[in-house]
Amino acid sequence: MTGASDSAHLSTLLESERETLLGRWVEIVAATMRGRLTADELRVELGELYALIERAVLGGDDEAAGELRAALGEISRSRARQGFTPTETATSVFALKQAVLERVEASADTAAYAEFAAFSSRVDELGLVTFETYAAAREQVIADQMEQLLELSTPVVKLWDGILGVPLVGTLDSARTQVVMESLLERLVETGSQIAILDITGVPAVDTEVAQHLLKTVMAARLMGTECVISGIRPQIAQTIVALGVEFGEIATKATLADALAYALDKTGAHPGERTGA
Amino acid sequence: MDRVPILKIGEVLLVSIQVDLQDQTVLALQEDLAERIVATGARGVIIDITAVDIVDSFIGRMFATIASMSRLMDAETVVVGMRPAVAITLVELGLSLGGVRTALDLEKGMRLLGAPLPAAGPGALDGR
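These lines cover the structure that appears in this document, whether it is placed above or below. This structure is a prediction, so every number in the text was calculated from the model and none was measured.

Bringing the packing of helix α1 (residues 23-40) of chain B against helix α2 (residues 57-72) of chain B into the picture now. Residues and elements named next belong to chain B. In contact at an axis separation of 11 Å, α1 and α2 are set at 10° when each is read in the N-to-C sense. Taken together, α1 and α2 sit at an angle that is classed as roughly parallel. In contact with Asp23, Val26, Leu27, Leu29, Gln30, Leu33, Ala34 and Ile37 of α1, α2 contributes Phe58, Ile59, Met62, Thr65, Ile66, Met69 and Ser70. When its residues are assigned to classes, the contact of α1 with α2 shows 11 nonpolar, three polar and one charged.

See the structure below:
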């Protein structure tokens, strides 16, 4: 009995003044959106939410509560992708409180006031849901971009029959070395290459750590029976390497990719213009 | 206990490891191999580890031990068919297998040892 009467005033209000409240809600939200979403789009979106909130918050419908969370999640995700700020996203929900409060004040119904307090805290929870989903969606966007960046920067290309090229661009850290190593070794197995050229023209600086990573990659390739050539060693980098006392040992190093390719062609005994199977 | 079979192809001994290597198996293999090298006068040893998914430092050291052992008996060792994951593990363990030669597959390993390969029919060399 109490459950029903608790929100009787408010639900009557929400039901009878549906159009006014929804209109006011859309109006407040539209003001914060500064024309990036049209009032019609908002009306459809918020109209759906309005119906769900009516059923979930005031009617205590569990199924509707689930749907409401899903709908809010969907809205915050699309807002996050469109580049809205978290405040703008959360305001879309909080604005409903203002719209309802204005009507409650106008009706001067004290019972409705008491109900409004409870209603308000429920709406706050919903606002937090949007905020959480928003943050999660942004995190996802960042994670996706990181992954894309990693893939972008580590291509393994076939330069000739039996010769692979790995143009390294950007700083080599352990995460990237791992990716480079894995993709290089996979491609070695696929193509059965005898020589791999690691081109470090695009690596801005070589310190002991980067050198260590390069050596590891070369060792791993060697364990699979492939010789590695390091090319693209610029004058400053040569100086740094010597100054740091890094030993590249037996690994062949060349100044340019062209030199390395010539060396590799010579090693594999391939002659340009006489490609097997070409 | 499993024993790893040792096959003779011309002047080359082929050890194809198909089972999970226990430490005991490894020690038995070293013994068997040393005897077979002397008995057959082999010039080369090929260890095929295409089927090996997991290695530890003990097995990593085995390759180096077999290689030095064979070298004493004038046979050269080539490890072939190492998987990318295995190569990465060995490098992370700091084992670079200094004295061991390596090849991508059995055929390349045979060629590395200068062992005669079956006559190259049409397409035989393009099978990469």
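Additional details are given in the paragraphs that follow.
All names here are of chain A. Strands sit in the order β1-β2-β3-β4-β5 across an open sheet of five strands; the sheet is mixed. Strands at the two margins of the open sheet, each flanked by one partner only, are β1 (157-160) and β5 (252-253). As defined by bridge partners, strand β4 (residues 227-231) adjoins β5 across two bridges and the pair is classed as parallel. Bridge pairing in β5 links Val229 to Ala252. Running over the sheet, helix α8 (residues 174-191) touches β1, β2 (163-169) and β3 (195-202) and is turned about 165° from β2. Along the sheet, helix α11 (residues 257-268) makes contact with β1, β2, β3, β4 and β5, crossing β3 at roughly 175°.

Turning next to the packing of aromatic side chains. Within a pair of aromatic rings, the relevant descriptors are the distance that separates the centres and the angle that separates the planes. All names here are of chain A. Considering all chains together, one arrives at two aromatic pairs over all chains under this definition. Between Trp25 and Tyr50 the ring centres are 6.5 Å apart and the planes differ by 50°, which places this aromatic pair in the tilted class. Taken together, the residues span a long stretch of sequence, with Trp25 in helix α3 (residues 18-33) and Tyr50 in helix α4 (residues 39-58) at a distance of 25 residues. Both residues of the pair, Trp25 and Tyr50, count as buried. Arranged with centres 6.3 Å apart and planes meeting at 45°, the rings of Phe116 and Phe119 form a pair that is tilted. Of this pair, Phe116 and Phe119 both sit in helix α7 (residues 110-152), three residues apart, roughly one helical turn. Accessibility classification places Phe116 together with Phe119 in one group, the buried group. For the cation-ring pair, Arg79 lies above Phe84, with the distance from its terminal atom to the ring centre recorded as 5.5 Å.

Glancing now at the nonpolar core. In terms of nonpolar packing, the biggest core is built from 65 residues, with Ile200(A), Ile17(B), Met62(B) and Met82(B) touching the most fellow members. Sorting elements by how many residues they give to this core places helix α9 (residues 208-223) of chain A first, with eight residues. Leave out the neighbours within four places in its chain, and Ile200(A) touches Leu168(A), Val206(A), Leu214(A), Ile230(A), Ser231(A), Gly232(A), Ile233(A), Arg234(A) and Ile237(A). Membership of the second largest hydrophobic core comes to 38 residues, among which are Val29(A), Val57(A), Phe116(A) and Val123(A).

The next subject is the pattern of salt bridges. All names here are of chain A. As enumerated under the stated definition, the model contains 19 salt bridges over all chains in all. Arg43 serves as the salt-bridge partner of Glu19, at 3.7 Å between the closest nitrogen and oxygen. Here Arg43 lies in helix α4 and Glu19 lies in helix α3, a separation of 24 residues in the sequence. For Glu19, a relative accessible area of 52% corresponds to the exposed category. Glu45 is paired through a salt bridge with Arg79; the nearest N and O atoms lie 3.0 Å apart.

Turning to helix α5 (residues 62-82) of chain A, a few remarks are in order. For α5(A), with 21 residues, the first-to-last C-alpha span of 30 Å sits near the 30 Å given by 1.5 Å per residue. Just downstream of α5(A), Gly83(A) is the residue with a positive phi angle, here 90°.

Cut-offs applied
Residues numbered from 1 in each chain as written. Chains lettered and ligands numbered in written order. Predicted model: local features only at pLDDT ≥ 70, side-chain atom pairs only at ≥ 80, totals over all residues. Heavy atoms only, no water. Axes fitted to C-alpha atoms, helices over the stretch in contact; angles between N-to-C directions. Helix = DSSP H or I, 4+ residues; strand = E, 2+ residues; numbered from the N terminus. Parallel < 35°, antiparallel > 145°, perpendicular 65-115°, else oblique. Contact = heavy atoms within 4.5 Å. Nonpolar A, V, L, I, M, F, W, Y, C, P; charged D, E, K, R; others polar. Pairing = 2+ DSSP bridges. Phe/Tyr/Trp six-rings, centres within 6.5 Å; stacked < 30°, edge-to-face > 60°. Buried < 20%, exposed > 50% of the residue type's maximum accessible area, 1.4 Å probe, protein only. Lys NZ or Arg CZ within 6 Å of the ring centre and 35° of its normal. Core = buried A, V, L, I, M, F, W, Y, C linked by side-chain atoms within 4.5 Å. Salt bridge = Lys/Arg side-chain N within 4 Å of Asp/Glu carboxyl O. Expected span 1.5 Å × (residues − 1).

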